[in-house]
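# Reading the structure
Residue-level listing of the chains:
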Amino acid sequence: MKVRMRAAVPAIVGVLLMAQTAWAGDSFSEKVEAFRAELGGYHAGLQPEERSAAGKRINAALLDILREEESLAADPGGILGDEGRFALIFGDWASAGDRRYRVVTLRPSETGAGEVAAVFAQSRRGDRAGKAEIVYALAPGADGEIVYAAMAGAGNGLLLAIAEKHDGPGSKYVSVNTRKLEKGKWLEYFNPPQVKAKGEWTVRTGDGSFSVSHASVGRDAGNDLEVRVCRGYIEILAVDSGDMPFDNTRLRLMAGVWVVE
């Protein structure tokens, strides 16, 4: 499995540079209005290339908002407005040195529009906004959705964990990517998970990530995977066609190492 950020981020960065120039003198409220306008132009009737371009503009507009001090006290609903087709999630603040960081996730309420889904990291020093950046984004046409993104302490530093659920034509699985904060930058961080064998669950390591799948959940089965975020761990359930769980496994990030149990 390949890390999807590599394919998605360079194109986004180019759009960001244009957006920063276009909105250099705008107020926070004007940037929020520009963001909402971009959301309003994103719909199912767009062609794939149009959807991809619109998603980049949306992410760029949100990034511009997160670089403003007013965003530190804003709530997701105040930024989204009455928009019900997207979810904007602010994580808890976590400390590292003299700064605090939080993860911000933007994703469509319905799957199938992965070009918009992205994970942002925002920092602050006291009441002043610091750096904001996109640390992970679904590639255009990806068959997945971001179901979890959170920060966790690791010694004196921070880790950012991201889980994606994939529901492709050939297989169903959950993939996990991790970023580590080093000298102010969120870098790829991979430590193969410690695995405890458990029934029909399989863990595969890839290029900077790992995936978890179940033998009874695949292309020809009516079963599916469900991800639940619990305090201290991620739970993956195998469910039948009636959404009834029949097996489960848990992922824990302990002292910077993923443990699958």
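Here, the structure is the one placed above.
Residues numbered from 1 in each chain as written. Predicted model: local features only at pLDDT ≥ 70, side-chain atom pairs only at ≥ 80, totals over all residues. Heavy atoms only, no water.

### Digging into the overall build of the protein
A tally of regular secondary structure across the protein gives four helices and 16 strands. Counting every atom, the protein has about 12500 Å² of accessible surface; 47% of that belongs to carbon and sulfur. (Helix = DSSP H or I, 4+ residues; strand = E, 2+ residues; numbered from the N terminus. Areas by Shrake-Rupley, 256 points an atom, 1.4 Å probe, with all protein chains shown as cover.)

### What about the pattern of salt bridges?
Scanning all chains against the criterion turns up 13 salt bridges. Among the salt bridges present, the one from K31 reaches E68, with a minimum N-O distance of 2.5 Å. Taken together, the residues span a long stretch of sequence, with K31 in helix α2 (residues 28–40) and E68 in the loop between α3 (48–66) and α4 (76–80) at a distance of 37 residues. Residue K31 is classed as buried on the basis of its relative accessible area, which comes to 6%. Judged by relative accessible area, which is 22%, E68 ranks as partly exposed. (Salt bridge = Lys/Arg side-chain N within 4 Å of Asp/Glu carboxyl O. Buried < 20%, exposed > 50% of the residue type's maximum accessible area, 1.4 Å probe, protein only.)

### So, the sheet that holds strand β15 (residues 245–254)
Taken in spatial order, the five strands line up as β10-β16-β15-β14-β13 in an open sheet, and their pairing is mixed. Strands at the two margins of the open sheet, each flanked by one partner only, are β10 (194–195) and β13 (224–230). Bridging between strand β14 (residues 233–239) and β15 involves six bridges; their strand directions are antiparallel. Pairing of I236 across the sheet is with T249, part of β15. (Pairing = 2+ DSSP bridges.)

### Here we look at the nonpolar core
If you look at the biggest cluster of nonpolar residues, it comprises 26 residues, and the most contacted ones within it are F35, L88, L106 and F120. The element that contributes the greatest number of residues to this core is α3, accounting for seven residues. Those residues within four positions of L106 in sequence are excluded, and the remaining contacts are F35, I58, N59, L62, F86, A87, L88, V116, A117, A118 and F120. (Core = buried A, V, L, I, M, F, W, Y, C linked by side-chain atoms within 4.5 Å. Contact = heavy atoms within 4.5 Å.)

### Looking at the packing of α2 against α3
At a minimum axis separation of 9 Å, α2 and α3 run at an interaxial angle of 160 degrees. The orientation of α2 with respect to α3, classified from their angle, is roughly antiparallel. Relative to α3, the crossing made by α2 is left-handed. Contacts from F28, K31, V32, F35, E38 and L39 in α2 reach R57, I58, A61, L62, D64 and I65 in α3. Its residues assigned to classes, the contact of α2 with α3 comprises eight nonpolar, no polar and four charged. (Axes fitted to C-alpha atoms, helices over the stretch in contact; angles between N-to-C directions. Parallel < 35°, antiparallel > 145°, perpendicular 65-115°, else oblique. Left-handed = near helix turned anticlockwise from the far one by under 90°. Nonpolar A, V, L, I, M, F, W, Y, C, P; charged D, E, K, R; others polar.)

### Observations concerning the pairing of β15
In this structure, the hairpin formed by β14 and β15 is closed by a connection of five residues, where D243 is found at a positive phi of approximately 65 degrees. Pairing geometry for β15 and strand β16 (residues 257–260), over four bridges, is antiparallel. Among the inter-strand pairings, L251 is bridged to a residue of β16, identified as V260.

### A short note on α2
Helix length check: α2, at 13 residues, gives a terminal C-alpha distance of 19 Å against a target of 18 Å (1.5 Å per residue), a fit within 8%. Among the residues of α2, F28, K31, V32, A34, F35, E38 and L39 are the ones counted as buried. In a view along the axis of α2, the buried residues occupy a sector of 160 degrees, so they form one face of it. In α2, the exposed residues that point more than 90 degrees away from the buried face are A37 and G40. (Expected span 1.5 Å × (residues − 1). Arc of directions from axis to C-beta.)

Just distances and angles here, no functional claims.
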